[in-house]
Amino acid sequence: MARVVCIHGIGQQHTGERELRGTWHPALRDGLIRAGAVTDLAADDVRCVFYGDLFRPPGRTLALGDPPLDASDVADGFESELLLAWWAEAARTDGTVLPPDARTLVRTPQAVQRALNALSRSRFFAGVALRGLVLDLRQVRGYLCDPALRDAVQHRVADAVTERTRVVVGHSLGSVVAYEALCARPDWPVRTLLTLGSPLGVRNLVFDRLRTGPTGSPGDWPGSVRHWTNLADEGDVVALVKDLRPLFGERVRCQVVHNGARAHDATRYLNTAEAGHAVEEGCRETGEAGV
């Protein structure tokens, strides 16, 4: 019966719901402290929706973990376009990354390899193996382009939200999951949506593929939500568009935060005063200011 439901993003296939809550819960509480909030969150007040296992390859004899992937495994179309968009954004925010030129932006196997090489050396993707980058691309495409997978993820969100839930937090791809879930279920009691490092504003690849319900369209307000706060670090490559207002309306409160070297890290977002204010806002509307 959680008051706050959190939805993770890409690259979490090797974690789990309890492990995520173990790091997200204290970060949420720290954000409330930074905000000077009177609200506190007990462990049972926070639930993490986990769907990373849907992307984890099944075990096999002598498995070595993630399958060995390279540039040839990046599919034409969605995956290569998103990869090149990440490269362009990384070059804009990281002076160590050489920008793509006009020739490179033509989607060829050589361009994909150059993009992977450039991103692997960037601060943002530091420590991420090439195969990890390819798998991240596949997860985004999988959710947005595979209806069965999309439905499976959405069912897990629906199972987590109860009549006591007032705040939904979505990080990275999880912000897309959260937005779609709230649009499709305007009867939910959720009052605050907090999106972190969100790709929702990326036209064509994400925004124009949003599924918002039988009569909805991309850009609709998310259901019963009264307050929507979107946080982005200037160096967050996944959050290509920091300001969501041109697409979703002036009611979205868009704020830039500073997460240091780990620009896309969920806990760095959650422990900010800005996140704390958003969570407090949602919890106080229930009359539950405190535990």
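What comes next concerns the included structure. These numbers come from a predicted model, not from an experiment. (Residues numbered from 1 in each chain as written. Predicted model: local features only at pLDDT ≥ 70, side-chain atom pairs only at ≥ 80, totals over all residues. Heavy atoms only, no water.)

### A few points about the pairing of strand β5 (residues 227–233)
For the record, the criterion: Remark: exposure states derive from per-residue accessible area (1.4 Å probe, protein chains only) relative to the maximum for the residue type, with buried under 20%, exposed over 50%, and partly exposed in between. Secondary structure follows DSSP: runs of H or I at least 4 residues long count as helices, runs of E at least 2 residues long count as strands, and numbering of each begins at the N terminus. Two strands qualify as a pair provided that DSSP identifies no fewer than 2 bridges between them.
In terms of burial, β5 is largely enclosed, as 6 of its 7 residues are buried. The pairing of strand β4 (residues 192–196) with β5 spans 5 bridges and is parallel. From the neighbouring strand, Leu196 faces β5, where its bridge partner is Leu231. By the bridge criterion, 6 bridges tie β5 to strand β6 (residues 252–257) in an arrangement that is parallel.

### Overview of the packing of helix α5 (residues 147–160) against helix α6 (residues 173–184)
Filter applied, for reference: Orientation is described by lines fitted to C-alpha atoms, with helices fitted over the stretch in contact, and by angles between N-to-C directions that extend from 0 to 180 degrees. Here the word oblique covers every angle except those under 35 degrees (roughly parallel), over 145 (roughly antiparallel) and from 65 to 115 (roughly perpendicular). Contacts are assigned to residue pairs with any non-hydrogen atoms lying within 4.5 Å of each other. For this classification, the nonpolar set comprises Ala, Val, Leu, Ile, Met, Phe, Trp, Tyr, Cys and Pro, the charged set comprises Asp, Glu, Lys and Arg, and every other residue, Gly included, is treated as polar.
Orientation of α5 relative to α6, taken along the N-to-C sense of each, is 75 degrees, at an axis distance of 10 Å. Classified by the angle their axes make, α5 and α6 are roughly perpendicular. Of α6, the residues touching α5 (which contributes Arg150, Val153, Gln154 and Val157) are Val177, Glu180 and Ala181. Of the residues that constitute the contact of α5 with α6, the class distribution is 4 nonpolar, 1 polar and 2 charged.

### Thoughts on the packing of aromatic side chains
Put simply, the rule is: Pairs were defined over the aromatic rings of Phe, Tyr and Trp, the Trp ring being its six-membered one, requiring ring centres within 6.5 Å. Orientation was assigned from the angle between planes: stacked under 30 degrees, edge-to-face over 60, tilted for the rest.
One pass over the full model with this rule turns up 6 aromatic pairs. Ring geometry for Phe207 against Phe248: centres 5.4 Å apart, planes inclined by 85 degrees, an arrangement best described as edge-to-face. A residue pair is termed long-range when its members are at least 10 positions apart, and Phe207 in the loop between β4 and β5 and Phe248 in helix α7 (residues 245–248) qualify at 41 residues. Grouping residues by exposure puts Phe207 and Phe248 together as buried. Between Trp228 and Phe248, the aromatic rings sit 5.2 Å apart at their centres with planes inclined by 65 degrees, giving edge-to-face as the arrangement. Residue Trp228 is found in strand β5, and its partner Phe248 is found in helix α7; the two are separated by 20 residues along the sequence. With relative accessibility at 1%, the residue Trp228 sits in the buried group. By the ring-pair criterion, three or more aromatic residues cluster together here, those being Tyr179, Phe207, Trp221, Trp228 and Phe248.

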